[in-house]
Amino acid sequence: MSRALKPPRWPLWGALLLLVGALLAVLIFLAAEYEVGRDQAALDQDATTVVGEIRSALLRNVQTLQSLNAFSPTPASWDAPAAELLAQRRELVRLEWRDPSMAVLAQRLSAYRPDVFDLLPRGQALPEVRQACDAAQRLSGPAYSASYFWPKRDGRGLEVMELCLPLSEAGEPRGFLIATYSLPAMLAELTDPVTLRGRGLSFVESDGARLAVHSVVPVQRRTLSAHALLDLPGHTLLLQLESPRRALGLFPNVLTGVVGALSLALLAVLYLLARDMRRRQRAEQRAADALAFRKAMEDSLVTGLRARDMTGRITYVNPAFCQMVGLTAEQLVGSGMPAPWWPPELVDEYQQRQAVRLAGQILAREGYESVFQRSDGTRFPVLIIEAPLIDAQGVQSGYMSAIIDLTEQRRIEELNRASQDKLQATARLATVGEMASLISHELNQPLAAIASYASGTLNLLHQGDGRGDGKGDDDDGVSDDIERAIRRIGEQAERAGRVIRGVADFVRRRDQVREAVEPHLLIEGISTLLTLQAKKRGIRLQVDIAPGTPRVWCDRTMVEQVLLNLARNGMQAMPLGDPGTASGLRVLRIAMAPVMGEAGEPGAGRCARWVRMDVTDHGQGLPPEVAERLFTPFFTTKAEGMGLGLSLCRTVVEQHGGALDFEPAQPRGTRFSFTLPVAEVPAGRPLDAQAALL
Amino acid sequence: MTEFPDAKIYLVDDDVGVREALAWLLRTRRLISDGFDSAEDFLAGAAVARQEPDVPCCVLLDVRMTGMSGLALFEKLRLLPWQAAMPIIFLSGHADVATAVAAVKRGAFDFCEKPFSDNALVDRVEQALRQSAAQLAERAVQRELQQRLDSLTERERDVMNLVVAGLPNKLVADQLQISVRTVEVHRSRVFDKMGVKSAVELANRLRGL
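Residues numbered from 1 in each chain as written. Chains lettered and ligands numbered in written order. Predicted model: local features only at pLDDT ≥ 70, side-chain atom pairs only at ≥ 80, totals over all residues.

Considerations on the interface of chain A and chain B
Turning to step 1, where the next piece is worked out: Contacts between the two partners involve 28 residues from chain A and, on the opposite side, 24 residues from chain B.
Turning to step 2, where the next piece is worked out: Elements with a minimum of two residues in the side of chain A that touches chain B: α11 (407–467), α12 (474–507) and α17 (687–693) of chain A.
Turning to step 3, where the next piece is worked out: When grouped by side-chain class, the residues that make up the side of chain A that touches chain B number 14 nonpolar, 11 polar and three charged. (Contact = placed C-beta atoms within 7 Å. Helix = DSSP H or I, 4+ residues; strand = E, 2+ residues; numbered from the N terminus. Nonpolar A, V, L, I, M, F, W, Y, C, P; charged D, E, K, R; others polar.)

Now the structure itself:
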C-alpha cells in the first residue's frame, strides 16, 4: 500500500545517470581538448625552434659567405673555396660574384644540382637578383629576394631564393656575392631531423599553398599545424609545421580515467546506498505493518490480555481487558496489588494465589476460574490462562495472562440447562397427565358400570312400585331404605367420577397451544438431548426432512415429547453391540415428508394435508406378543418404565387428529409413524384439522 | 310401557363390564341392546352397518378402544346415507371436551362422560330413538311420495309440474297443446295417484321432497 503511494523512482535514477554521463562526456571532451591544446603548444614551440634553427643557420651562412670573399679577393682564387663551400652547404644551389654593375665576375654551381639552369638561362633570374641587391644596398647588409619558382628540364621545378651580400673593401663597394638558396634544401639541411620525426615541414604562402615541402603527414590522418614566420631581411617566409593528431583513447589520460572511474564508483555506491536505504525502508515498513497487525489483532481480541512483571505490576493490557474491567489502559498500567479489579472480599484469597505464583509454582495450562469486578462494582466470572513471560535473554520477566469473560458462556449454559429442564418438566407433566387420563379412564369404566347398575336397580324398584301398589305397608319402609341406599351408590359413583375428572382436568389444564411449526424446529428443540443420548450409545442420528415439507399445525411442546419418546425408545432398542458398529445399522433415522392425498379424498394428489413423521430404529424388532399390547397403558418391557410413553404419544397424536402406527423396518427394527395436520391448506385455514381438534 | 318396544340399541365398548351394565340398565327401561366389543366387530356383525334399519335404532360408541377407535368408526358411519336415522352417542372415560365438541359438530347425536348420572344417558338414548323413528318415518314418507311420483305417466308429470307452478287449467292446456278437458282428466288422476285433494296440498307434499 505505501509502495503505491511513492512516486516512481526510475526518472530520478535516469536523470542522475544522464547527469553523470554528461559530466563524464564533458570531462572527457575537456581532457581531450586539453591534450590537443598541449600538443598544439608543443608544436608551436617546435615551429619556433625550427625557424630559429633556420635563421641562425642562414646567419652562419652569411658569415661564411662574407669570409669567402674576404679570403679570396680574386675571382680566380674564389672558385675553389666557393666549390668547397657549396659542397658543404647543400642548401646553396649557386654562388655568384658580381661587380657593382651586376656583371658576373665568378660563379659556381652546386655539384649536387648541376642541372638547375639547364632549362632557363641564369639571366632569367636577374630581376630577383636585382631585387635582392637593391634591398641589400638599401640595408647596407645582406638581403634576400622573394622566393620564386625555377622550372627545370625534367618538368619539375625548384623554389629558390636569392641572397645578395654586398661586398666592400675599405669602404668602397666591390660588388655583390649572390647565393641562391633552394628552399626544400634549406628545410632539409638546416633543421634538426629529430624534431621533425613524423611531422610535416614546409614553407607555405599566406594562402596555404605549399612553396617547398620537406616532409608531409599522411593525408588520412587529422593533423595539427603550427605556423612560424621566418623573418629575413628583404623577405619573409612562412613555415608550416604539421603533426598528426594523436589518437586519443576514451580516457585521454590517467586523470580522466580516474575521475571517470571514481564517478562510476560513486554512482555505484549511491545506487547501493539507495538500495540499502530502500531495503531498510521496506523492512521498517514491514515492521510497522507487523506492529499494526499485532495491534489490530490485540484490539480485535475479545480475550483480555494482561502482562505483569515479577512483582505483580501491570506492564501491558489490551483494549479487551480494559473493556472487561471498565478501566482505561492508563489507569491499569503500573498498578500493583491488590489489583483494581479484585473484588474487595476476595483480596486475601487472590493475594495468597499471587504469592503462590510468585513462589515459582507452575500454573495449570488449562487455566483457572476467578471472579473479577468491573469499575461499576458488578462481578463477572473469568477464565485465566497464564504463561511465564520470558525475555530474549531467557530470563522470566513476568507473566502473560489471557482472560476470557465467562459471563456469556455461563448465560448460555444456564439457558441450555433451563431449556433442558423445561423439556424434562414438560415430559414429566405430560406423563403425569397421561397417567391421570389413563387412570381416570380405567376407573371410570367400573364406575360407569356401578352407576348403570344403580340406575337400573332404581328403575326396577320404581316399576315394582307402579305394579305392586297394594302389596303391604311393611315392605315400603324396607324398599324405601333400599332405594335410598341404591341412590346413594349411584351418587357416590358419580362423585368418584367427578373427583377423577377434577384431577384429570387439573393435570390437563395446560392450554393446548396450536401453532404453525416448521418441521425442522421440532427436531431442533430436542436435538441436544437426542445427540447426547445417541453419542452415549454410539448411534448415528440421521434426520431427513423431505424438501417441500410444509409447516404443521400442532402443539409444539407435545409433539416434541412424542418425537423424544419415540426416538428414545428407538435408541433403547439398539443396545451397544446390537446391531454391531460394523454393520452400519447403528442409525436412528427421523424422517419427515408430506403425505400426498389418498385416492378418494378431496384434493387428492395435489397438495398434502398431512405430514408424516417416521422414527426408525434397527433393533431386534417387536415380538408379536409385545406388538399386540404395545399401546396398552402400563404395559412395558423396560425395568424402570411406567408403560406410559407410547400411550402418551398416541394420545397426543390423536389429539392432533393424526394417527400413530408402527411396522417392521427393513432390514430389521421397527418404524413408528405418525401424522400431523399441515398448517396451510391452500383453501384457507386447516379446516378439517381444526374442526377435528376443537 | 316403552315408546319403542322394537327399537334396537347398539353398544360398542371394549370393556365387557360397562357393556353388560349398560345393557342391563337399558333393559330395566325395556330397551333391547346388542353389544359389540370392538369397532371391527360392529362393522362385521351389525345389520345397520350394511343396510337401512327398519326400526328405530341408536349407537352408543366408546371413544377409545383397542383396534379401530370410536372416532374412526364414526368417520365411517358418517358416510352412510341413513346416518340421520342412526344417531350416535359417544361415551368416554376421558373427559375430553375438545374431542366431544368436535364429534358433535361433525354430526354425533351427543357425547356422554362416564360415569353417567342416573337415567340421563337412557333419556338421551330415548331422545335419539325418537329422532331415529322420526327420521325413519320421514324416510318412509319420502319413499312413498317417490313411489307415487314414479307411478305417474310422463304426461301426468308434465301436467302436475304446471299445476304445482300455479297455472290454471286453461293455460296448462295451451302450454301442452291439449284440450282443457284432457287436462282436467290428467289433473284428477294426478291428485288420485299422489293421494291429495288440492293443488296446494300437492305443492306442500312435493316441497318436502
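Examining helix α7 (residues 254–300) of chain A
Turning to step 1, where the next piece is worked out: Taking 1.5 Å per residue, 47 residues should reach 69 Å; α7(A) reaches 67 Å between its end C-alpha atoms and fits that length.
Turning to step 2, where the next piece is worked out: Burial analysis of α7(A) places just one of its 47 residues in the buried class, which makes it a mostly uncovered element. (Expected span 1.5 Å × (residues − 1). Buried ≥ 20, exposed ≤ 12 C-beta atoms within 10 Å, placed from the backbone.)

Digging into the sheet that holds strand β20 (residues 610–616) of chain A
All names here are of chain A.
Turning to step 1, where the next piece is worked out: If you walk across this open sheet you meet the five strands as β17-β19-β20-β22-β21, and the pairing is mixed. For this open sheet the edge positions go to β17 (540–545) and β21 (660–664), each flanked by a neighbour on one side alone. Neighbour-to-neighbour, the strand axes of this sheet turn through a mean angle of 15°, independent of strand direction.
Turning to step 2, where the next piece is worked out: Across seven bridges, strand β19 (residues 587–595) lies against β20 in antiparallel orientation. Across the sheet, the residue bridging to V595 is W610, located in β20. (Pairing = 2+ DSSP bridges. Axes fitted to C-alpha atoms, helices over the stretch in contact; angles between N-to-C directions.)

Overview of the nonpolar core
Turning to step 1, where the next piece is worked out: With 53 residues, the main nonpolar core has I9(B), Y10(B), L60(B), L61(B), I88(B) and I89(B) as its most contacted residues.
Turning to step 2, where the next piece is worked out: Counting residues per element, the ones that place at least two in this core are α11 of chain A together with β1 (8–12), α1 (16–28), α2 (39–45), β3 (57–62), α3 (70–77), β4 (88–92) and α5 (120–151) of chain B.
Turning to step 3, where the next piece is worked out: By size, the runner-up hydrophobic cluster in this structure holds 48 residues, among which are V50(A), W78(A), V93(A) and I178(A). (Core = buried A, V, L, I, M, F, W, Y, C linked by C-beta atoms within 7 Å.)

So, the pairing of strand β15 (residues 396–405) of chain A
All names here are of chain A.
Turning to step 1, where the next piece is worked out: Taken together, the six bridges between strand β11 (residues 304–309) and β15 define a ladder with antiparallel strand orientation. Among the inter-strand pairings, D309 is bridged to a residue of β15, identified as G398.
Turning to step 2, where the next piece is worked out: Bridge analysis of strand β14 (residues 379–390) against β15 gives nine bridges, and the strand direction is antiparallel. Across the sheet, L389 pairs through a bridge with G398, a residue of β15.

Structural notes on the sheet that holds strand β8 (residues 210–215) of chain A
Residue and element names in this part refer to chain A.
Turning to step 1, where the next piece is worked out: An order of β8-β7-β10-β9 is seen for the four strands of this open sheet, with the pairing classed as antiparallel. This sheet does not close on itself; its edge strands, each paired only once, are β8 and β9 (223–232). Going from strand to strand, the sheet's axes swing by 20° on average, the running direction of each strand aside.
Turning to step 2, where the next piece is worked out: Relative to β8, strand β7 (residues 200–204) runs antiparallel, the two sharing four bridges.

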